[in-house]
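Topology and contacts: notes
Chain by chain, the residues run as shown.
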Amino acid sequence: MLSKLKIYNTLTNKKEEFKPIDPNHITMYVCGPTVYDFAHVGNARPVVVFDTLARLLRHDYGKLTYARNITDIDDKIIEASQQTGEDISVITEKFTKHYEEDMTQLNAEMPDIIPKATDYIDEMIELISDLVEKGHAYEAEGHVLFHVSSMDDYGELSGRSVADLLAGARVDVASYKKEAPDFVLWKPSTDDQPGWDSPWGRGRPGWHTECSAMIKKELGTTIDIHGGGLDLIFPHHENEIAQSKCSHDGAALANHWMHNGYLTVNGEKMSKSLGNFVTVHELLEEFPGKGEAIRMALLTAQYRQPVDFSRSGILQAKKQIDNWQRLTKGVNPSVPSEKVLNALRDDLNTPKAIMELHQLAKKAKENDEEKSILKASAQMLGLLNLNYNEWFDVLTSEDGSTLGTIEISPARDKEGIERLIKERTEAKKNKNFARADLIRDELDAEFIKLLDHPDGTTTWERR
RNA sequence: GGUGCGGUGGCGGAGAGGCUACGCAGCGGAUUGCAAAUCCGUGUACACCGGUUCAAAUCCGGUCCGCACCUCCA
C-alpha cells in the first residue's frame with residue numbers, strides 16, 4: 001500500500017500513524033444506539049463514518065472484527081415503556097429493527113458483532129465485582145459506584161482532572177456518592193422496573209458498564225479502535241476507560257479513540273432535547289430509494305468537522321451521484337484508485353476522496369477502464385452500490401427480475417410510461433410538438449424525466 | 001468559570017508558507033423542434049488588526065464572532 005493509515009487520536013489530540021495490535025486482524029468497537037425511538041440523522045453520522053472506515057480497514061488489512069452495541073436496557077427505555085404501555089422487549093425489538101433497516105438504506109453494512117446489553121448481564125456483574133474487590137468501586141444504598149479518586153489517571157481522554165471535576169461540580173451530589181465524579185456501575189430496581197439478581201440485590205447496570213464488559217468478551221482486553229460521537233468522550237468513554245483499565249491492571253482499553261463531529265442544524269447540534277432533529281426514517285420517506293445521497297451528504301465534510309444538515313445538501317449529493325450513475329451505467333467495478341484510498345488513509349478525508357472521484361469521473365468520460373475504477377473507488381465510500389436501473393428506478397420488465405426499489409403509482413407504471421413515450425414519439429413524428437411537450441410535462445410532474453437521445457430513442461429516469 | 005473545536009468564493013468543502021483543490025449553483029457557447037442529459041469555456045475567497053518572511057489563507061501575537069463538552073445525548 002502506498003501510504004499508511006493515519007488517524008486522529010482523541011487520547012493524544014494528534015494525528016497518528018495507525019499501529020494495529022495484529023496487522024492480520026483489526027478490532028473496532030463503536031457505540032451504537034439506545035433503542036427507544038427512531039434514530040435521527042445525527043445518530044446516523046457515526047454509523048456512516050465508521051462504516052466507511054470499516055471498508056478501508058478491510059481493504060488494507062483484510063480481516064476486521066467490527067462490533068457495534070445495542071443498548072436495550074436504560075432508563076429512557078423504561079420511561080418509554082411506561083408511557084406507551086408496551087413491554088420493554090417490544091420497544092427495543094421494534095426500534096432495533098428500524099435502526100438496522102434505516103442504516104442499511106444508508107449503505108451501512110451490518111457490523112460483525114451486534115452485542116445487546118441484556119445478553120451480557122453476567123459479564124457486567126463479574127466486571128463490577130472485580131472492581132469492588134480491587135478497591136475501585138464501593139457499594140452504597142443498593143448502588144455500586146466507581147470511585148474516581150481510586151485511579152491515578154482518570155480523565156486522560158477528556159483532559160479533565162479529578163480535582164477540576166470536584167471543584168466544578170454543579171449538580172447536586174447524590175447522597176450515596178463519596179465524591180461527585182463517582183459514577184454508577186449498578187443501580188437498584190424497584191419491583192416495577194426491570195432488574196436482575198446480583199450480589200448487591202435486584203438491579204440493573206449503569207450505562208457505561210456494558211461497553212467495557214462486551215468489549216472484553218467479544219474483542220479482547222485491548223482493541224485497536226474505539227469510536228463514537230464527540231459527546232461520548234465525557235463521561236461515557238472516560239468511564240469505560242476507567243472501568244476497563246482498573247480491572248485490567250492498567251492495560252489500555254483501546255489504542256485509538258476516534259470521535260466524529262456533530263451534525264448541526266443552523267449551526268446547532270441536532271439533538272433530541274433541542275427538538276431540532278429529523279429521523280432517518282422520515283428522511284427516507286422524503287427521498288425514497290436515495291439513502292445513498294443522505295450518506296454522501298454526511299461524507300461531504302471530514303468526520304471531525306461539523307456537518308450542517310440541509311435538504312439542499314442531500315439534493316446536491318444526489319445530483320453528483322446521478323452524474324456518476326449515468327457515467328458508470330452497465331460498468332462493473334474493478335479496483336479502487338490509490339488516490340481515493342490515500343485520501344481515506346489520511347484520517348478519513350472523505351471530501352478529498354470525493355474530489356478524487358470527480359477527477360476520475362472526468363477521465364472516465366473517455367476511458368472505460370477509468371469507469372470501472374470510478375465505480376470501485378466510489379464503493380470504498382459506500383457509494384454507487386446500486387446499479388443505474390436501481391438508482392433511477394428504471395424497471396426492466398423483460399424478465400421481471402429487476403424491479404426498482406420504489407413502487408411507482410399504478411397509472412405511471414412501466415407500461416404506462418412506455419405507452420406515453422410511444423405516443424410522444426408519434427406526436428414528434430407528426431410535428432405535434434404541443435402534444436409531445438404536454439406528455440413530457442405530465443410525466444415530469446410524476447417525477448419521471450425523459451431523455452431524448454440522438455438516435456431518436458427516448459429513455460427515462462425517476463428523479 | 002474550566003476544557004476543546006472552528007471562522008475559506010452565492011452555497012458545500014479540501015488545503016496548510018510560493019504552483020491560488022473540487023463539487024453544486026450562476027454565466028457564455030455547442031447540441032436540441034423545445035427541453036433534459038452531455039460536452040467545452042468562465043468569475044468571485046481565505047473573520048479582523050498587527051508581526052515574522054523575499055513571499056502568509058497557511059507561522060506568531062492579539063481582537064471579534066460561532067459552536068460544543070463539563071448533566072442524558074452519536
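Below is a summary of the structure that appears in this document.

About the thresholds
Residues numbered from 1 in each chain as written. Chains lettered and ligands numbered in written order. Predicted model: local features only at pLDDT ≥ 70, side-chain atom pairs only at ≥ 80, totals over all residues. Heavy atoms only, no water. Core = buried A, V, L, I, M, F, W, Y, C linked by side-chain atoms within 4.5 Å. Buried < 20%, exposed > 50% of the residue type's maximum accessible area, 1.4 Å probe, protein only. Helix = DSSP H or I, 4+ residues; strand = E, 2+ residues; numbered from the N terminus. Contact = heavy atoms within 4.5 Å. Expected span 1.5 Å × (residues − 1). Axes fitted to C-alpha atoms, helices over the stretch in contact; angles between N-to-C directions. Parallel < 35°, antiparallel > 145°, perpendicular 65-115°, else oblique. Left-handed = near helix turned anticlockwise from the far one by under 90°. Nonpolar A, V, L, I, M, F, W, Y, C, P; charged D, E, K, R; others polar. Pairing = 2+ DSSP bridges. Lys, Arg positive; Asp, Glu negative; His and termini not counted. Salt bridge = Lys/Arg side-chain N within 4 Å of Asp/Glu carboxyl O. Polar contact = N/O pair within 3.5 Å; in protein donor to acceptor, adjacent residues only side chain to side chain.

1. Considerations on the nonpolar core
Judged by nonpolar contacts, the single largest core of 70 residues is most densely connected at Met28, Leu57, Met103, Phe309, Trp324 and Leu381. With 11 residues, helix H1 (residues 41–61) is the largest single contributor of residues to this core. Those residues in contact with Met103, other than ones at most four positions away along the chain, are Ala39, Ala44, Val47, Ala108 and Val280. With 40 residues, the next largest nonpolar core counts Tyr29, Tyr120, Leu185 and Met214 among its residues.

2. Comments concerning helix H4 (residues 121–133)
With 13 residues, H4 should reach 18 Å at 1.5 Å per residue; the first-to-last C-alpha distance of 18 Å fits that figure. Looking at the buried positions of H4, the neighbouring elements they touch are strand S5 (137–140), strand S6 (143–146), strand S7 (183–188), strand S8 (203–205), helix H6 (209–218) and helix H7 (233–247). Where H4 ends, the next residue or the one after it, Gly135, has phi of about 85 degrees, a positive value.

3. Re the environment of Ile241
For Ile241, the position within the fold is in helix H7. Relative accessible area serves as the criterion here: at 3%, Ile241 is assigned to the buried category. Along the primary structure Ile241 and Glu423 are separated by 182 residues, whereas in three dimensions their C-alpha atoms are 69 Å apart. In this structure, Ile241 is in contact with Met151, Glu156, Leu157, Cys246, Leu253 and Trp257, ignoring residues within four places of it in sequence.

4. Examining H7
Residue pairs three or four apart in sequence face the same way in an α-helix, which turns once every 3.6 residues. Taking 1.5 Å of rise per residue, the 15 residues of H7 would be expected to cover 21 Å, and the 20 Å separating its terminal C-alpha atoms lies within 8% of that figure. Asp249, located one to two residues past H7, shows a positive phi value of around 50 degrees.

5. A look at the packing of H4 against H7
As a packed pair, H4 and H7 sit with axes 9 Å apart at the nearest point and diverge in direction by 70 degrees. Judged by the angle between their axes, H4 and H7 are roughly perpendicular. Like other packed secondary-structure pairs, H4 and H7 cross with a definite hand, here left-handed. The segment H4 lies against H7, with Leu127, Asp130 and Leu131 engaging Gln243, Cys246 and Ser247. Within the contact of H4 with H7, the residues separate by chemical class into 3 nonpolar, 2 polar and 1 charged.

6. Re the sheet that holds strand S9 (residues 223–229)
Taken together, the 4 strands give an open sheet; going across it, the order is S4-S3-S9-S10, and neighbouring strands pair in parallel fashion. Edge positions in the open sheet fall to strand S4 (64–68) and strand S10 (254–260), since each of these has one partner strand only. Across the sheet, the axes of successive neighbouring strands diverge by a mean angle of 20 degrees, strand direction being ignored. Judged from the 3 bridges that link them, strand S3 (residues 26–30) and S9 form a sheet pairing that is parallel. By the bridge assignment, Tyr29 is partnered in S9 with His226.

7. What about the side chain of Asp72?
Tracing the sequence through the fold places Asp72 in the loop between S4 and helix H2 (75–84). Despite its burial, Asp72 remains without a salt bridge, the nearest opposite charge being carried by Lys116 at 6.2 Å. In terms of polar contacts, Asp72 uses its side chain to reach the backbone amide nitrogen of Ala117, at 3.4 Å. Polar side-chain contacts of Asp72 include one of 2.6 Å to the side chain of Thr118.

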